[in-house]
Amino acid sequence: MLTKKEQRLRRARQTRIRIAQQGVARLTVNRTNLHIYASVISGDGSKVLASASTAEADVRKSLGGSGKGGNAAAAQIIGKRIAEKAKAAGVEKVAFDRAGFAYHGRVKALADAAREAGLQF
């Protein structure tokens, strides 16, 4: 029997195989209890083009200290931030890689904010 983490990683692996066949940049999301991380990875998977997280000093200040990065409001900030950084790197279209996490809550908030900021997926 697979553990919960192994099940999530299995789902993530299957998604990444499909995204790799498309050959487009991917927006990867990872979440922990305290933080949420997002990065845009090149189509061949060799290079990180942009990244943003609630662990960054600028974001922590705007959230009001430590321990505030694990909510949907923080995920919205990271979604806008990653979209701006991706556009600055010349990436307009990405494939969304939720890393096996369910598409609700913080993951959905990040995706919606990135779409509103102009990233297409």
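Data block above holds the structure.
A short tour of the structure in this document, coming up. A quick note: this is a predicted structure, and the numbers were derived from the prediction, not measured.

Let us look at the overall build of the protein chain. Each helix and strand in the protein chain was counted, giving four helices and four strands. Secondary structure elements of the protein chain, listed N to C terminal, follow the sequence α-β-β-β-α-α-β-α. The C-alpha atoms of the protein chain give 14 Å as radius of gyration, which agrees with the globular expectation for 121 residues (14 Å, within 12%). Across its three principal axes, the protein chain shows a C-alpha extent of roughly 40 × 40 × 25 Å. Among the 121 residues that make up the protein chain, the fraction classed as buried is 39%. Within the protein chain, contacts between residues at least 6 apart in sequence are counted, and of these 60% link residues at least 24 apart. For the protein chain, the exposed area adds up to about 7000 Å²; of that, 49% sits on carbon and sulfur atoms. The protein chain carries 23 positive and 9 negative side-chain charges, and their two centres are separated by 7 Å.

Another point: the layout of surface pockets. Leftover empty space is mapped by rolling, across the atoms, a probe with the size of a water molecule. Roughly 170 Å³ of internal volume is contained in the largest pocket. Lining the largest pocket, in full, are Lys4, Arg8, Arg11, Arg31, Thr32, Asn33, Gly100, Phe101, Ala102 and His104. Ranked by residues supplied to the lining of the largest pocket, first place goes to helix α1 (residues 4–22) with three residues. Split into classes, the residues belonging to the lining of the largest pocket amount to two nonpolar, four polar and four charged.

Moving on: unusual backbone geometry. You will see that Ala99, though not glycine, has its phi angle at about 60°, which is positive. Counting through the fold element by element, Ala99 comes out in the loop between β4 (95–97) and α4 (106–116). Classification of Ala99 by relative accessible area gives buried; the value is 4%.

A separate point is α1. Side chains of residues three or four places apart in an α-helix project in the same direction, reflecting 3.6 residues per turn. The terminal C-alpha atoms of α1, which comprises 19 residues, lie 28 Å apart, in line with the 27 Å expected from a rise of 1.5 Å per residue. Along α1, the positions that sit buried rather than exposed are Arg8, Ala12, Thr15 and Ile19. For α1, the buried positions fall inside an angular range of 70° around the axis, keeping them on one side. Within α1, the exposed residues directed more than 90 degrees away from the buried face are Arg13, Ile17, Ala20 and Gln21.

Each value, and the rule that gives it
- Along each chain, numbering runs from 1 in the same order as the chain's sequence is written.
- Given that the model is predicted, a residue must reach a pLDDT of at least 70 before its local features are reported, and side-chain atom pairs must reach 80 or more before they are shown or counted; all residues, however, enter totals for whole chains, interfaces and linings.
- As a rule here, side-chain values come from all non-hydrogen atoms in the structure, and water together with hydrogens is ignored.
- Here a strand is any run of E in DSSP of at least two residues, a helix any run of H or I of at least four, and the numbering for each starts at the N terminus.
- To get the radius of gyration, use the C-alpha atoms; to get the globule rule, take the number of residues to the power 0.38 and multiply by 2.2 Å.
- Three exposure classes are used, based on accessible area relative to the maximum for each residue type with a 1.4 Å probe and protein chains only: buried under 20%, partly exposed in between, and exposed over 50%.
- In this description, contact between two residues means that some pair of their heavy atoms is separated by no more than 4.5 Å.
- Each accessible area is a Shrake-Rupley estimate made with a 1.4 Å probe; only the visible protein chains count as cover when residues are assessed.
- For the purpose of counting charges, residues Lys and Arg are taken to be positive, whereas Asp and Glu are taken to be negative. His and the chain ends are not included.
- One atom stands in for each charge, and that atom is NZ of Lys, CZ of Arg, CG of Asp or CD of Glu.
- In this analysis a 1.4 Å probe is tested at points of a 1 Å grid over the protein atoms alone, and where it fits but cannot get out there is a cavity; an open set with protein on both sides within 12 Å along at least five of seven lines is a pocket; lining residues have an atom within 4 Å of a point.
- Grid points are joined across faces, edges and corners, and a volume is the space filled by probe spheres set on the points.
- Asp, Glu, Lys and Arg are counted as charged, while Ala, Val, Leu, Ile, Met, Phe, Trp, Tyr, Cys and Pro are counted as nonpolar; the rest, among them Gly, fall into the polar class.
- In a helix, the anticipated span is given by 1.5 Å times the number of residues less one.
- Within this analysis, the arc is defined by the directions that extend from the helix axis to the C-beta atoms.

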